[in-house]
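Letter by letter, the chains look like this.
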Amino acid sequence: MTARIVEVSSAGWTFWRACLDTGIGLIVGSLYAFVGILVIAIVGEEALGALYREVDLDPVFRAGMGVIVAVWAVLALIVPPVFVAERFAAFGAVERAALADPDGIPPRPLRQALAKAPAARLESMGAITSWCLGGLGALFLIALLVTDLRDDPVAWSAFGVIVALAVVEAALSALGHRLRRRSEDRVAHHHERWKRLSPLVDGADARRREAAPASDLPRVLTVPSARVSARIVFFAVIALVVSLGAFIVSVYIRQQCRYCDPISYVEPIERGIDVLSLASGVALACCATVGAVLWVGSVILLRVREGVLARWARDAGTRRVDVDAVTPVITGARALVRVHRAAAAVGAAATVLALAALAAESTLLDADALLWATVILLPGGFAFGLVDAASRRRERQDVRDACAPGDVPHPVGHGGAPRTKKARSGRGT
């Protein structure tokens with residue numbers, strides 16, 4: 001048999017990968033909620049003054065900061081174990097694929113993700129988390145002994161939970177150490193095998209391309225080009241940086257540090273600072289809106305490209321095409337995976353706002369509606385991730401078989417000279 005790239009999948013890996021994508025979305029959503037609350041609160045206080053106080057969102061936002069800290073603490077305890085479980089499941093799927101096809105190796109992104117043994121990641125995660133919890137527990141104990149909390153049973157219960165979690169994480173670290181020592185030979189065997197077969201994959205695919213007839217890809221795969229898309233993103237990022245810089249300057253002019261007294265200026269400087277704060281806040285909102293539109297457009301375009309490329313790949317045998325045009329479609333995150341993460345992010349933001357409204361006993365936000373949105377978005381996004389896995393492996397394998405792209409994406413300094421534009425296009429090779 002000829003060395004080739006084999007797309008890998010399994011039921012267990014699909015489940016844990018969907019869980020990890022949900023965790024990534026929750027982290028991103030909580031970060032966006034934090035930034036949004038911070039910007040809106042500062043703009044409202046500095047530029048909208050009386051109107052902001054009349055709406056009375058400040059109690060919700062203050063409660064939201066506490067909710068975000070609690071959410072981050074929960075995610076810090078849940079997401080790392082999910083990440084480790086996903087790596088174990090991925091390595092198991094790779095081992096089974098190697099038994100089924102000894103001459104096949106997984107795609108480069110997956111091999112890079114498994115560059116470190118899953119057991120080593122478990123060992124590191126347990127050690128880091130146990131040390132962090134141990135430090136937190138020590139500080140908490142000092143607070144219990146030197147404050148009035150020494151007689152509070154709830155505080156002592158919280159301290160007990162911290163200690164128990166630290167012990168569990170230390171045990172996981174020890175377990176990871178033992179598993180790593182037991183699996184060192186297996187992991188090293190696969191790494192050596194990948195290193196040996198990767199150049200053979202490039203050579204075999206290059207020969208297949210040379211022997212195949214030249215063909216043009218569907219136009220939707222090349223228009224808009226990656227260069228045009230990168231320019232659009234570049235200008236959007238520049239606008240965001242300028243807006244954020246203006247916002248930070250407006251805040252700094254008003255108050256140089258967290259505990260400094262606010263500074264008042266004579267007119268028209270005072271009004272100019274208010275205008276700068278309001279304008280930069282509006283600009284940030286516009287940038288966020290434009291970014292959301294660009295993101296939605298990119299996901300729709302990617303989904304269309306995935307479908308068109310999959311149908312095109314099934315129509316005939318191997319053809320010589322522009323490899324760089326198909327590489328992002330078969331190596332990057334899938335469109336439905338991005339939708340999955342976005343649904344989790346929106347769900348996280350909705351949860352933060354709902355819990356903040358409940359904690360502040362505010363009726364400005366419909367907490368029930370926000371919580372229902374979370375209940376719908378999180379399972380819905382998770383379902384997208386599971387459904388996409390069924391077609392992901394098949395479609396990407398079809399594209400690899402039809403285009404023979406080699407071991408893409410190629411790292412810097414990969415064996416052999418870089419492919420020229422002529423070679424990339426598949427014409428004249």
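Residues numbered from 1 in each chain as written. Predicted model: local features only at pLDDT ≥ 70, side-chain atom pairs only at ≥ 80, totals over all residues. Heavy atoms only, no water.

## Some details on the overall build of the protein
Of regular secondary structure, the protein possesses 11 helices and 2 strands. Going from the N terminus to the C terminus, the protein shows its helices and strands as β-α-α-β-α-α-α-α-α-α-α-α-α. Burial statistics for the protein: of 429 residues in total, 38% are counted as buried. When contacts within the protein are restricted to residue pairs at least 6 apart in sequence, those whose partners lie at least 24 apart make up 85%. Carbon and sulfur atoms provide 68% of the accessible area of the protein, an area that totals close to 23,200 Å². (Helix = DSSP H or I, 4+ residues; strand = E, 2+ residues; numbered from the N terminus. Buried < 20%, exposed > 50% of the residue type's maximum accessible area, 1.4 Å probe, protein only. Contact = heavy atoms within 4.5 Å. Areas by Shrake-Rupley, 256 points an atom, 1.4 Å probe, with all protein chains shown as cover.)

## With respect to the packing of aromatic side chains
In the structure shown here, the tally under the stated rule is 5 aromatic pairs. Measuring from centroid to centroid gives 5.2 Å for phenylalanine 15 and tryptophan 16, while their planes differ by 80 degrees, and the two rings are edge-to-face. Exposure remark for phenylalanine 15: the relative accessible area of 38% places this residue in the partly exposed category. Considering the side-chain rings of phenylalanine 15 and phenylalanine 382, the 5.9 Å spacing of their centres and the 75 degrees angle between planes classify their relative orientation as edge-to-face. Of the two residues, phenylalanine 15 is situated in helix α1 (residues 11-55) and phenylalanine 382 in helix α10 (residues 367-403); the sequence distance between them amounts to 367 residues. (Phe/Tyr/Trp six-rings, centres within 6.5 Å; stacked < 30°, edge-to-face > 60°.)

## Side note on unusual backbone geometry
Note the cis peptide between valine 223 and proline 224, where omega equals -5 degrees. Tracing the sequence through the fold places proline 224 in the loop between α5 (153-211) and α6 (226-254). Residue proline 409 follows valine 408 across a cis peptide bond; omega there is -5 degrees. Residue placement: proline 409 occurs in the loop between α10 and α11 (421-425). Positive phi values are uncommon outside glycine, yet glutamate 361 reaches one of about 55 degrees. Position of glutamate 361 among the secondary structure elements: in the loop between α9 (335-360) and α10.

## Here we look at α9
With 26 residues, α9 should reach 38 Å at 1.5 Å per residue; the first-to-last C-alpha distance of 38 Å fits that figure. Following α9 by one or two positions, glutamate 361 has its phi on the positive side, about 55 degrees. (Expected span 1.5 Å × (residues − 1).)

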